[in-house]
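Fold and contact review
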Amino acid sequence: MTDEASEPEGDATTDASLHGAVIAGVIPDQSPRVLKEAARYAKLFQAPLVVVHVDVTRFVTYEDPDGYVHSAPIDMNIAAGEGELAKVQDAAASVLGESAPEWTVRQLVGDPAMAIKHFADEIDARLLVVGTRKRGFGESVREFFTGSVGARLAHRQHRPILIVPLGEPVPDGEEIWPA
C-alpha cells in the first residue's frame, strides 16, 4: 500500500503509476464487499487498485495548469472529512491486507460522481467499482434528489462500472421509492 491520502487533492506526478487502475469508490462504514470485489478485479486485470473517498464537505476552487487542485471547505468543520478518510484508510487496510494487489487511498473533493469521473479520466481507469446505498426512507429520498452515484457515472463516462449490492435486496413487487 502507498499512502497518497495526506493531500486531499490529486497529485498529477504520481498518477502515472496508477494508469489503468481499478477505482473503488468507498464511504466510511460501508460493507467490505466493495473493496473485496474491486481487489478481485484489480488482480484479474493485473492493475493497481485505488480506493477513493470523496469529501462532499469540500469543493474545488480552481485547478493549476499542472493539475494541482485547490479546494475549500463548505463549512469550517474541516475535521469531518479527515475523520472519514481515516475510517476509509483503516477499512482498506483491514479488508485488503497483504493478499491484495498494489493499492493506494486517495481523497477527492466535491460531487462524488463527477470527482470519480474526472479522476478516472486522469489515470485512464480500467473499471469503476461502487456500492449501492443502504435501504431506508432517508437514503431513498436523498437518492431521489441527487441520483445514485453509479447511475450518474454510467451516464457521464465510457468506462465499465461494477455496482456491488449492499445489504438485503428489495423483494420483487416491493416499492423502492417511498409512497
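Preceding this section is the structure that the text describes.
The model shown is predicted, which means the values in this text are computed figures rather than measured ones.

**Things to note about the overall build of the chain**
If you tally the helices and strands in the chain, you get five helices and eight strands. Ordered by position from N to C terminus, the α and β elements of the chain give β-β-α-β-β-β-α-β-α-β-α-α-β. Buried residues in the chain amount to 39% of all 179 residues. For the chain, restricting intrachain contacts to residue pairs at least 6 apart in sequence, the fraction spanning at least 24 positions comes to 76%. For the chain, the exposed surface amounts to about 10100 Å²; the carbon and sulfur share of it is 55%.

**Regarding the pattern of salt bridges**
Applying the stated criterion to the full structure yields six salt bridges. A salt bridge links glutamate 37 to arginine 40, with the shortest nitrogen-to-oxygen separation between them at 2.9 Å. Of the two residues, glutamate 37 and arginine 40 are both situated in helix α1 (residues 33-45); the distance of three residues between them amounts to about one turn of the helix. Aspartate 121 is the salt-bridge partner of lysine 117, the closest N and O atoms lying 3.0 Å from each other. Here the residue lysine 117 and the residue aspartate 121 both occupy positions in helix α3 (residues 112-123), the gap between them amounting to four residues, near one helical turn. Of the residues examined, aspartate 121 reaches a relative accessible area of 36% and is grouped as partly exposed. Connected through shared salt-bridge partners, Lys117, Asp121, Asp124 and Arg159 make up one network.

**Regarding the side chain of glutamine 157**
Summarising the element assignment, glutamine 157 is placed in the loop between α5 (149-156) and β8 (161-164). From its side chain, glutamine 157 meets the backbone oxygen of leucine 153 in a polar contact 3.1 Å long. Within the local environment of glutamine 157, its side chain forms a polar contact with the backbone nitrogen of arginine 159, the two atoms lying 2.7 Å apart. Those residues in contact with glutamine 157, other than ones at most four positions away along the chain, are Lys117 and Leu128.

**Re unusual backbone geometry**
At aspartate 29, a position not held by glycine, the phi torsion is positive, near 60°. With respect to the helices and strands, the residue aspartate 29 is situated in the loop between β2 (22-25) and α1. Taking the relative accessible area as the measure of exposure, aspartate 29 reaches 62% and is therefore exposed.

**As for the packing of aromatic side chains**
Taken as a whole and judged by the stated rule, the model has one aromatic pair. Here the guanidinium or amino end of arginine 126 rests over the ring plane of phenylalanine 45, the centre of that ring lying 4.0 Å away.

**Description of the environment of valine 130**
Looking at the secondary structure, you find valine 130 in strand β7 (residues 127-131). On the basis of relative accessibility, which here comes to 5%, the residue valine 130 falls in the buried class. Through-space distance from the C-alpha of valine 130 to that of proline 165 is 8.9 Å; in sequence the pair is 35 residues apart. Sequence-distant contacts of valine 130, defined by excluding residues within four places in its chain, comprise Gly25, Val34, Val149, Gly150, Leu153, Ile161, Leu162, Ile163 and Val164.

**A look at the nonpolar core**
The biggest cluster of nonpolar side chains holds 21 residues, and the ones touching the most others in it are Leu49, Val51, Leu96 and Trp103. Of all the elements in the fold, those that place two or more residues in this core are β2, α1, β3 (49-55), α2 (79-96), β6 (103-109) and β7. The element best represented in this core is α1, accounting for five residues. Of all hydrophobic cores here, the second largest spans 17 residues; its members include Val50, Ala115, Ile116 and Ile123.

Reading the values: rules and limits
Throughout this description, residue numbers start from 1 for each chain and increase along the sequence as written. Side-chain atom pairs in this predicted model are given and counted only at pLDDT of 80 or more, local residue features only at pLDDT of at least 70, and totals for whole chains, interfaces and linings cover all residues. Side-chain numbers here rest on the full set of heavy atoms in the structure, without hydrogens or water. Helix and strand labels come from DSSP, where a helix needs a run of H or I of at least four residues and a strand needs a run of E of at least two; each type is numbered from the N terminus. Exposure is judged per residue with a 1.4 Å probe applied to protein chains only, and the accessible area is read against the type maximum: over 50% gives exposed, under 20% gives buried, and values in between give partly exposed. What makes two residues a contact is simply this: any of their non-hydrogen atoms within 4.5 Å. Each accessible area is a Shrake-Rupley estimate made with a 1.4 Å probe; only the visible protein chains count as cover when residues are assessed. Salt bridge, as applied in this entry: a Lys or Arg side-chain nitrogen positioned within 4 Å of an Asp or Glu carboxyl oxygen. We define a polar contact as two N or O atoms separated by no more than 3.5 Å, with the added condition that, inside protein, one atom must be a possible hydrogen donor and the other a possible acceptor, whereas residues neighbouring each other in sequence contribute only through side-chain atom pairs. The rule is short: rings of Phe, Tyr and Trp, with Trp giving its six-membered ring, pair when the centres are within 6.5 Å, and they are stacked under 30 degrees, edge-to-face over 60, tilted in between. Over a ring means this: the NZ of a Lys or the CZ of an Arg is within 6 Å of the ring centre and within 35 degrees of the ring normal. Note on terminology: a nonpolar core comprises buried Ala, Val, Leu, Ile, Met, Phe, Trp, Tyr and Cys residues joined through side-chain atoms within 4.5 Å.

Distances and angles like these do not, on their own, reveal function.
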